[in-house]
Amino acid sequence: MSDTTARPTPYGARGADSTGGAGSTGSTALGLDSISKSFGGLHVLSSVTFDVPEATVFGIAGPNGAGKTTLLNLLTGFGTFSGGRMTIHGQDATGKDARAISALGVARTFQNIRLFRGLTVREQVEAGTYRHRKASLLSSLAVSPTDRRDRQETRAAAEEVLEFVGLADQADRLAETMSYGDQRRIEIARALATRPTLLMLDEPTAGMNDADWLPIAELLDRLRSDGMTVVVVEHNMRLLERSCDRVAVIAAGEVIAEDEPYTCLRRPEVRRAYFGK
Ligand SMILES: Nc1ncnc2c1ncn2[C@@H]1O[C@H](COP(=O)(O)OP(=O)(O)OP(=O)(O)O)[C@@H](O)[C@H]1O
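Values in this document were obtained by computation on a predicted structure and should not be read as measured data. (Residues numbered from 1 in each chain as written. Predicted model: local features only at pLDDT ≥ 70, side-chain atom pairs only at ≥ 80, totals over all residues. Heavy atoms only, no water.)

J.: Break down the packing of aromatic side chains for me, citing the residues and quoting the values.
T.: The geometry of an aromatic ring pair is captured by two quantities: the separation of the ring centres and the angle between the planes. This model, assessed by the stated rule, comprises 3 aromatic pairs. Ring geometry for phenylalanine 50 versus phenylalanine 58: centroids 4.7 Å apart, planes at 20 degrees, classification stacked. Accessibility classification places phenylalanine 50 together with phenylalanine 58 in one group, the buried group. Measuring from centroid to centroid gives 6.2 Å for tyrosine 274 and phenylalanine 275, while their planes differ by 45 degrees, and the two rings are tilted. A relative accessible area of 24% places tyrosine 274 in the partly exposed class. The class for phenylalanine 275 is exposed, based on a relative accessible area of 55%. (Phe/Tyr/Trp six-rings, centres within 6.5 Å; stacked < 30°, edge-to-face > 60°. Buried < 20%, exposed > 50% of the residue type's maximum accessible area, 1.4 Å probe, protein only.)

J.: Account for the pattern of salt bridges, with residues named and values stated.
T.: One pass over the structure, following the stated rule, counts 14 salt bridges. Here glutamate 176 ties to arginine 117 by a salt bridge, and the two come within 3.6 Å at their closest N and O atoms. You can see glutamate 176 sitting in the loop between helix 5 (148–165) and helix 6 (180–192) and its partner arginine 117 sitting in the loop between strand 6 (106–108) and helix 3 (121–129), a full 59 residues away along the chain. A residue is classified by how much of its surface remains accessible, and arginine 117, at 69% relative accessible area, is exposed. Between arginine 224 and aspartate 221 there is a salt bridge; the shortest N-O distance is 3.3 Å. You can see arginine 224 and its partner aspartate 221 sitting in helix 7 (residues 210–225), 3 residues apart, about one turn around the helix. (Salt bridge = Lys/Arg side-chain N within 4 Å of Asp/Glu carboxyl O. Helix = DSSP H or I, 4+ residues; strand = E, 2+ residues; numbered from the N terminus.)

J.: Please provide a residue-by-residue account of the sheet that holds strand 5 (residues 91–92), values included.
T.: Sheet architecture is open: 4 strands sit in the order 2-1-4-5, paired in antiparallel fashion. Only two strands of the sheet have a single partner each, and these edge strands are strand 2 (42–53) and strand 5. As judged from the 5 bridges shared by strand 1 (residues 28–39) and strand 4 (residues 83–88), these two strands associate in the antiparallel manner. Across the sheet, the residue bridging to serine 36 is glycine 83, located in strand 4. Contacting strand 1, strand 2 and strand 4, helix 1 (residues 68–75) runs over the sheet at an angle of about 120 degrees to strand 1. (Pairing = 2+ DSSP bridges. Contact = heavy atoms within 4.5 Å. Axes fitted to C-alpha atoms, helices over the stretch in contact; angles between N-to-C directions.)

J.: Before we move on, could you go through the environment of glycine 90 and cite the residues and values that matter?
T.: Along the polypeptide, glycine 90 turns up in the loop between strand 4 and strand 5. Exposure remark for glycine 90: the relative accessible area of 14% places this residue in the buried category. Separated by 59 residues in sequence, glycine 90 and glycine 31 place their C-alpha atoms 7.8 Å apart.

J.: Break down the site of the ligand for me, citing the residues and quoting the values.
T.: Near the ligand there are 14 residues, and of these Gly65, Gly67, Lys68, Thr69 and Thr70 occur at the shortest range. Between an oxygen atom of the ligand and a main-chain N or O atom of threonine 69, the distance comes to 2.9 Å. The contact in question runs from an oxygen atom of the ligand to an N or O atom on the side chain of threonine 70, over 2.6 Å. Relative to its unbound accessible area of 640 Å², the ligand is 60% covered by the protein chains. Of all elements in the fold, only strand 2 and helix 1 reach the threshold of two or more residues within the shell around the ligand. Each residue belonging to the shell around the ligand can be placed in one class, and the counts come to 5 nonpolar, 7 polar and 2 charged. (Near = heavy atom within 4 Å. Polar contact = N/O pair within 3.5 Å; in protein donor to acceptor, adjacent residues only side chain to side chain. Areas by Shrake-Rupley, 256 points an atom, 1.4 Å probe, with all protein chains shown as cover. Nonpolar A, V, L, I, M, F, W, Y, C, P; charged D, E, K, R; others polar.)

Shape is all these values report; function is a separate question.
The structure is reproduced here in structure tokens:
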């Protein structure tokens, strides 16, 4: 793993170190070295090793039960490593909890949609800006004279993110009334509102039809153009091929292939893992 403190620009290329250009800087956003995880006697991950370069989209594929979500959980501070080492933007992040991982610039979405019931689209995203606000989440959601300025900043930040993901015109709708695809985009918007430099998405197109997943794929393209690093766990082969720079395939807890997507997904060992032949 390379050791670097270089940071990509946040989405929208507004970071102080912005070069205004797209594409990888050549340094490592996420480095995994021999990660393993067991639940009791059950070995779920064995010696998972790969590097994710900055400003790239990296796919993680594999059959059901392969260990993809377990890996994403470890990488975001949910659960303890049984072995191995992880770096984020060149810093050792092994064993850090979710709060510490978030402080390193990581945000994630979950396989099952986790939106707050009863909040509008805008409020869902405002909740994500909380990490950067002086006021508490509750007070920043309330309209009070004492924190009006903070409230305005929160609103502006949420609107900027909603514009970016194409949901600005839906901001005042209750999130639970939105389509499944839009709810997924709200989740991504909420993660982006934390201003991450490394975004991890767990099956962002699960259950979607073409009309829904293509906007997600286009969103990944724009995030990469703006310097974001994205790790995406996906079953959607078309998205993996279209949007990823590299893909790692995990089967039974081991990385069985890692390459650029077209080649990787056609390897015989990958076909065997998926189709048994
Ligand atoms: N907390 C846990 N305790 C025991 N076993 C677990 C736990 N979490 C996951 N597992 C097991 O680890 C294995 C990998 O599960 P995981 O959810 O990571 O797979 P996955 O590749 O994400 O699957 P899918 O594509 O279906 O979401 C499974 O056998 C699962 O039952």
